[in-house]
Amino acid sequence: SAGITLLSQDVITTAVAAMDIDLPSGYSRFKLFLNGVVTVKNSVSLGMQVSLDGGSTFISSAYKGAALSEWFGGTTSNRDAGESLSSLPISPNGIYITAEINIQNSDDVFTISGQGILDQNSAAYNQLTMSGIYLSATRTNAIRIFQASDNLTAGTFSLYGYKETP
C-alpha cells in the first residue's frame, strides 16, 4: 500500500567494519535514520557505498558529493567533497552521529541528501549536511555505511521505504 513503511532496523552492539543494508525492490524513495552511530576515530570520514549485485560487492569509485560539518560556535568546519570519490560522504568527521538521509533510487541515478548532528569531542556539537550522487545503468539494491579506516562501535540504522501508489 501507499505510504512509509519500516523496512529494516539494525543495531550495532559490538564493533563492525560496516553496516550493510538491503534496498528492496518496489521502492524508489527511502529515508535512512542513523541514531547514535559511534565511530572509533574522530578525524575519519563516514561514507556510503552502493551495490548493484545484492551486496556481494560494493562500488568504490565514481561518486560525486559533499559532506560539511560546522561547529555551532561558527569557527570550525570540516568538509569531505569531490567529483570522483571512493564513497558518498556522510560525515567528514565525528564520533557520535545522528542523521536523517533521504535516498532517491531509480534505474540510472542514486542520490542522497540529508542533515544531522555530530559530536566531535565530548559536547563539541556540529551541524552536519550531506548530498551526493552515483550514476549507473543498473538500480542500486544495497548500501554500505562505514568509517574509512576503523570500526563502527554502536548505533541504530532504521530504513524506511516510501510508496506513492498502492
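Residues numbered from 1 in each chain as written. Predicted model: local features only at pLDDT ≥ 70, side-chain atom pairs only at ≥ 80, totals over all residues. Heavy atoms only, no water.

Asker: Give a description of the overall build of the protein chain that names residues and reports values.
Answerer: Regarding its fold elements, the protein chain presents zero helices and twelve strands. Starting at the N terminus and walking to the C terminus, you meet the elements of the protein chain as β-β-β-β-β-β-β-β-β-β-β-β. Taking 2.2 N^0.38 as the reference for a compact globule, 166 residues should give roughly 15 Å; the C-alpha atoms of the protein chain span a radius of gyration of 15 Å, in line with that estimate. Scored against the burial criterion, the 166 residues of the protein chain give a buried share of 39%. (Helix = DSSP H or I, 4+ residues; strand = E, 2+ residues; numbered from the N terminus. Rg over C-alpha atoms; globule rule 2.2 N^0.38 Å. Buried < 20%, exposed > 50% of the residue type's maximum accessible area, 1.4 Å probe, protein only.)

Asker: Residue-level account of unusual backbone geometry, with values.
Answerer: We note that Ala-62 has phi near 75°; this positive angle belongs to a residue other than glycine. Within the fold, Ala-62 resides in the loop between strand E4 (46–51) and strand E5 (63–71).

Asker: How would you sum up the sheet that holds strand E7 (residues 88–91)? Please name residues and give values.
Answerer: In space, the four strands of this open sheet follow the order E2-E11-E4-E7, with antiparallel pairing throughout. Each edge of the open sheet carries a strand with a single partner, namely strand E2 (18–22) and E7. In this sheet, adjacent strand axes meet at a mean angle of 25° when their direction is disregarded. (Pairing = 2+ DSSP bridges. Axes fitted to C-alpha atoms, helices over the stretch in contact; angles between N-to-C directions.)

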